[in-house]
Amino acid sequence: MKNDAVVAIVGVTGAVGAEFIATLDRRKFPVGRLKALASARSAGKTVGFRGQTITVEALDERSFDGVDIALFSAGGGTSRTYAPIAVRAGAVVIDNSSAFRMDPDVPLVIPEINAQRIREHKGIIAVPNCSAITALVPLWPIHRQNRIKRVILSTYQAASGGGAAAMDELLQSTRASLNGETYPPKVLPHPYAFNLFSHNTAIDPETGYNDEETKVIRETRKIFEDDRIAVGVTCVRVPVLRAHSEAITFECERPITEDEVRAILAEAPGVRIVDDRARNTFPMPIDASGQDDVLVGRIRRDLSDPSGHSIAMFVAADQLLKGAALNAVQIAELLPERAMA
Ligand SMILES: NC(=O)c1ccc[n+]([C@@H]2O[C@H](COP(=O)([O-])OP(=O)(O)OC[C@H]3O[C@@H](n4cnc5c(N)ncnc54)[C@H](OP(=O)(O)O)[C@@H]3O)[C@@H](O)[C@H]2O)c1
């Protein structure tokens, strides 16, 4: 791979696609040429990158000729069809969809946790689910020092997790509501303005868990390489425009204090502690938006566990960045092919 790689963004017109462009630029990723790909609907539109105007092309079977790195963010179906084509054309695929995450041949990578898995790739590397990334970045350094046996988390997920159309629906329905107008939901299954609802993914009739919740459970075990970790999740969509938040309670194998957790997290990569009890100031999505770090606060003993093994905390992270584009670009920065260039 040349040092100045040919980089393709699949889904360049989407919410994550826009962050791919901004993140490559901001992190000074050496891009020789950028290929902007989306559906046929967007062919001919333009995007800007480092002062250049790039015309969006419709994704097709020849799109990856000459491409070194393909950043996919266009849904699972598109990834399932086109990622293998990109790999056959010689590209390394970094995929934001759920299509390959649980494939044993595909590394599922959060660089702060398991960067070493990148070099095992066979063409595709998967970016984990954004709710999983948000929880696991701060949980991992704790787990390494005092194994976490059980985690219970509840998400407060922003519109941006549903893409550009969901963000638009939140804005439009809020405007309509303030004007006293009715707004029939178009993208999401329920009224969004001044409301919240269980995550809009399919529900497993056996378990009652929705897809988002099941992903967090399975992906935690794969990333931590710990099949025994017990994970309970409730995923909820809230009327926040950008950045997911989560209430997390975890139980360790040995007793743990909130001071120990604070000390571990103070040194943890990708984490920023926001925990000001005096001013009642803790992680908020508005502060996490546009930030690389997972904000962590409300670090306190879980009083429901008198054994002293459990801690509760609250986190917020920009899932378009750490939950998607940033995590993918961090992986691209660590590709062994680039080191050999
Ligand atoms: N949003 C998040 O926070 C987040 C986080 C992690 C992972 N992801 C994953 O990233 C993907 C995209 O998410 P998003 O939020 O950016 O969605 P989005 O705003 O709806 O954008 C979707 C993008 O995919 C393109 N696309 C759709 N169908 C296509 C097709 N058949 N061929 C080529 N391109 C196609 C769209 O192009 P057009 O504009 O031409 O339709 C658009 O560029 C999804 O797989 C999602 O699960 C999202």
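Refer to the structure printed above.
No experiment lies behind these values; they were computed from the predicted model shown.

What counts and how
Residues numbered from 1 in each chain as written. Predicted model: local features only at pLDDT ≥ 70, side-chain atom pairs only at ≥ 80, totals over all residues. Heavy atoms only, no water. Axes fitted to C-alpha atoms, helices over the stretch in contact; angles between N-to-C directions. Helix = DSSP H or I, 4+ residues; strand = E, 2+ residues; numbered from the N terminus. Left-handed = near helix turned anticlockwise from the far one by under 90°. Contact = heavy atoms within 4.5 Å. Nonpolar A, V, L, I, M, F, W, Y, C, P; charged D, E, K, R; others polar. Near = heavy atom within 4 Å. Polar contact = N/O pair within 3.5 Å; in protein donor to acceptor, adjacent residues only side chain to side chain. Areas by Shrake-Rupley, 256 points an atom, 1.4 Å probe, with all protein chains shown as cover. Expected span 1.5 Å × (residues − 1). Buried < 20%, exposed > 50% of the residue type's maximum accessible area, 1.4 Å probe, protein only. Core = buried A, V, L, I, M, F, W, Y, C linked by side-chain atoms within 4.5 Å.

Draft legend 1. Spatial organisation of the packing of helix α4 (residues 130-145) against helix α6 (residues 211-224). Where α4 contacts α6, the axes come no closer than 10 Å and their chain directions differ by 35°. Note on packing geometry: the crossing formed by α4 with α6 is right-handed. Residues Cys 130, Ser 131, Ala 132, Leu 136, Leu 139, Trp 140 and His 143 of α4 pack against Glu 212, Val 216, Glu 219, Thr 220, Ile 223 and Phe 224 of α6. For the contact of α4 with α6, the residue count by class is eight nonpolar, three polar and two charged.

Draft legend 2. Main features of the site of the ligand. Surrounding the ligand, one finds 25 residues, the nearest of these being Thr 13, Ser 39, Arg 41, Ser 42 and Ser 73. Note that an oxygen atom of the ligand is positioned 3.1 Å from one of the backbone N or O atoms of Gly 14. A distance of 3.0 Å separates an oxygen atom of the ligand from a polar backbone atom of Gly 75. Coverage of the ligand by the protein amounts to 76% of the 890 Å² it exposes when considered alone. Of all the secondary structure elements, the ones that give two or more residues to the shell around the ligand are α1 (15-26) and α9 (321-333). For the shell around the ligand, the per-class residue count stands at nine nonpolar, 15 polar and one charged.

Draft legend 3. Spotlight on α1. Counted at 1.5 Å a residue, the expected span for α1 with its twelve residues is 16 Å, and the 17 Å between its end C-alpha atoms agrees. The complete set of buried residues in α1 reads Ala 15, Val 16, Gly 17, Glu 19, Phe 20, Ile 21, Thr 23 and Leu 24. Residues of α1 that are buried make contact with β1 (5-10), β2 (31-38), β3 (46-49), β6 (69-72), α5 (164-178) and α9. The first or second residue beyond α1 is Lys 28, which carries a positive phi of 55°.

Draft legend 4. Inspection of the nonpolar core at higher detail. Membership of the largest hydrophobic core comes to 98 residues, with the highest contact counts inside it found for Phe 64, Leu 139 and Phe 250. Among the elements that take part in this core, α4 stands out by supplying eight residues, more than any other. Excluding its chain neighbours within four sequence positions, the residues that come into contact with Phe 64 are Ala 8, Val 10, Leu 37, Leu 59, Ala 70, Phe 72, Tyr 82, Ile 85, Ala 86 and Ala 89. The next biggest cluster of nonpolar side chains, apart from the first, holds five residues, and it includes Val 274, Ala 288, Leu 295 and Ala 316.

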